[in-house]
Amino acid sequence: MADMKHNLTCRQSLASAFQALSDEAVKAGWSEGDVALALAELAEERVIEVTAKVIMEGSAHPQLIAAGGGRNS
């Protein structure tokens, strides 16, 4: 499954920047729980935005649909 491998590679390339962002927010005084929840909510909003854009362009992106981007929140 090349798509899953591609997604894993993308995740690996983003992991250190994601961790650094999380660490900076904790250093700024936010709790780890607040930071994790905020990042998850921001990520979900981004998936929804990108999915809406793809739908508007008229072609569904299988990776986004598989990731749950098409569900109602």
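Scroll up to find the structure.
Read on for an overview of the structure. (Residues numbered from 1 in each chain as written. Predicted model: local features only at pLDDT ≥ 70, side-chain atom pairs only at ≥ 80, totals over all residues. Heavy atoms only, no water.)

**With respect to the overall build of the protein chain**
Here's step 1: Tallying secondary structure elements over the protein chain gives 3 helices and 0 strands in all.
Here's step 2: Walking the protein chain from its N terminus toward its C terminus, one meets helices and strands in the order α-α-α.
Here's step 3: Counting across all 73 residues of the protein chain, residues that qualify as buried make up 11%.
Here's step 4: Accessible area of the protein chain: about 6100 Å², with a carbon and sulfur share of 61%. (Helix = DSSP H or I, 4+ residues; strand = E, 2+ residues; numbered from the N terminus. Buried < 20%, exposed > 50% of the residue type's maximum accessible area, 1.4 Å probe, protein only. Areas by Shrake-Rupley, 256 points an atom, 1.4 Å probe, with all protein chains shown as cover.)

**Looking at helix α2 (residues 32–57)**
Here's step 1: Counted at 1.5 Å a residue, the expected span for α2 with its 26 residues is 38 Å, and the 37 Å between its end C-alpha atoms agrees.
Here's step 2: Taken as a whole, α2 has its buried residues at V35, L39, T51 and V54.
Here's step 3: Just downstream of α2 lies G58, where phi reads positive at about 90 degrees. (Expected span 1.5 Å × (residues − 1).)

**Considerations on the pattern of salt bridges**
Here's step 1: All chains considered together, the criterion is met by 2 salt bridges.
Here's step 2: For E49, the salt bridge goes to R46, with nearest N and O atoms at 3.5 Å. Of this pair, E49 and R46 both sit in helix α2, 3 residues apart, which is roughly one turn of that helix.
Here's step 3: Relative accessible area serves as the criterion here: at 48%, E49 is assigned to the partly exposed category.
Here's step 4: Of the residues examined, R46 reaches a relative accessible area of 51% and is grouped as exposed. (Salt bridge = Lys/Arg side-chain N within 4 Å of Asp/Glu carboxyl O.)

**Some points on the side chain of S22**
Here's step 1: Position of S22 among the secondary structure elements: in helix α1 (residues 2–27).
Here's step 2: Given a relative accessible area of 17%, S22 falls into the buried group.
Here's step 3: Excluding anything up to four places from it in sequence, S22 contacts V35 and L39. (Contact = heavy atoms within 4.5 Å.)

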